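# A closer look at the structure
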Amino acid sequence: MTSPGGTIAEIDLGALCENYRLLSAESRAPCAAVVKANAYGLGVEPVAAALAQLGCREFFVATVEEGIALRPVLPDAAIAVLYGVATAEDAKLTVAHGLIPVLNSMEQLALWRDAAAGEGRALPAILHVDTGMSRLGLPLADAERIAEDAALLAGVDLRLVMSHLACSGTPDHPLNRQQLGRFRTVRQRFPKVRASFANSSGIFLGYDYHFDQTRPGAALYGINPTPDAANPMRTVVTVTSPILQIRTLTEAETVGYGATYQAPAGSRLATVGAGYADGLLRAMGNRAEAWVGGHKAPLAGVVSMDMAVLDISALPENDVRLGDRVEFFGAHMPVDVVAAKAGTIGYELLTSIGGRVKRIY
Ligand SMILES: *Cc1c(COP(=O)(O)O)cnc(C)c1O
């Protein structure tokens, strides 16, 4: 780990697989895998291939484009598209690549009926019902209408009815039970169709929430699905970057843009070759710490585009050398903890890993 060479994201596919096994063991139903946004920034091709080898048969992406890119990696798996179909062109591409749209509105359902009529055969689809997220999905009244009027599903091979939890990371939140109650009602209206409700944290709310399929994303990638308790998942992603320069201040100085960090004379500072273009957050400056030479060191000043500065004054001099790699999050610095220091969540840190960061599997 001493070779220089830019910012690296090491992705432990073995840990990913263990996390899939752990979530499968925790789930009463089979686990689909959510691999939207390039598998939360990790790289969808190696991630999806590894999960498919373990026996995962169902995958969720956000966009039709993501589904098209994934199809060659998973020739036989079910690939569902969370955005559904917005246009006839979307529907055409969805059919051509054998994707399954998650239908979120009456308009999307109508587009899919038209596509089925055009194809002269039934086309698979998922219905997404909004039970309390107020984001995407059919209002309960529309779901009711669909259940009562078979013509609305003409040519639609309904594979799954799903909904999404708003507060699953907070087990005691009353909205969880409320959404569960609403989803049970929806489910009764489609008794022959499989049902899917739980994301990563939802799995840990118990069997009531599992239905016929669970849909974890974050926990597969090592994010803690039980924020109030120890993380049951293994670390998957470790982001490191080399030290470019070390200096000892002869006088008191400030560090970085805006002069937000006061360093007294004698301070030792290490400049690291990673910035917000690589996925560090600007808000990590003066708040988060990084791991170097077996110690934690604070980020001094704001993070800039390509660099960040660590105050290593408190560390033994011989423990930190030019070219040493600094870990911003990963094995020693839990992604959730680092994210919280920057006022965000692990999801945002992972999906922010920059395009120029080399992913090593
Ligand atoms: C992103 C997403 C998931 C996965 O959620 P995690 O919290 O990452 O497990 C599941 N279902 C839907 C609808 C989503 O948008």
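The sections below set out a description of the structure shown in this document. (Residues numbered from 1 in each chain as written. Predicted model: local features only at pLDDT ≥ 70, side-chain atom pairs only at ≥ 80, totals over all residues. Heavy atoms only, no water.)

### Quick look at the overall build of the chain
Secondary structure assignment for the chain yields 11 helices and 17 strands. Dimensions of the chain, computed from the C-alpha atoms along their principal axes, are close to 80 × 40 × 35 Å. The buried share of the chain, taken over its 361 residues, is 52%. Looking at the chain alone, contacts between residues at least 24 apart form 65% of all its contacts between residues at least 6 apart. Taken as a whole, the chain presents about 15,700 Å² of accessible surface, with 53% of it coming from carbon and sulfur. (Helix = DSSP H or I, 4+ residues; strand = E, 2+ residues; numbered from the N terminus. Buried < 20%, exposed > 50% of the residue type's maximum accessible area, 1.4 Å probe, protein only. Contact = heavy atoms within 4.5 Å. Areas by Shrake-Rupley, 256 points an atom, 1.4 Å probe, with all protein chains shown as cover.)

### What to know about the environment of Phe328
As for its position among the elements, Phe328 is in strand S16 (residues 325–329). Considered as a pair, Phe328 and Gly279 are 49 residues apart in the sequence and their alpha carbons are 9.8 Å apart. Apart from residues no more than four positions distant in its own chain, Phe328 is found in contact with Val239, Ser241, Val272, Ala274, Leu280, Met284, Glu289, Ala290, Leu299, Met333 and Val338.

### Some points on the sheet that holds strand S2 (residues 33–34)
Spatially, the 7 strands line up as an open sheet ordered S2-S3-S4-S5-S6-S7-S8, and their pairing is parallel. If you trace the sheet from one side to the other, it starts and ends with S2 and strand S8 (194–196), each paired once. Bridge count for strand S5 (residues 100–103) against strand S6 (residues 123–128) is 2 bridges, and the pairing is parallel. From the neighbouring strand, Leu103 faces S6, where its bridge partner is Leu127. (Pairing = 2+ DSSP bridges.)

### Observations concerning the site of the ligand
Taken together, 14 residues form the shell around the ligand, and within it Lys36, Tyr40, Ser200, Ala218 and Tyr347 come nearest. Between Tyr40 and the ligand, the recorded distance is 2.5 Å, taken from a side-chain N or O atom to an oxygen atom. A distance of 2.5 Å is found between an oxygen atom of the ligand and a side-chain nitrogen or oxygen belonging to Ser200. The residue inventory of the shell around the ligand, partitioned by class, reads 7 nonpolar, 4 polar and 3 charged. (Near = heavy atom within 4 Å. Polar contact = N/O pair within 3.5 Å; in protein donor to acceptor, adjacent residues only side chain to side chain. Nonpolar A, V, L, I, M, F, W, Y, C, P; charged D, E, K, R; others polar.)

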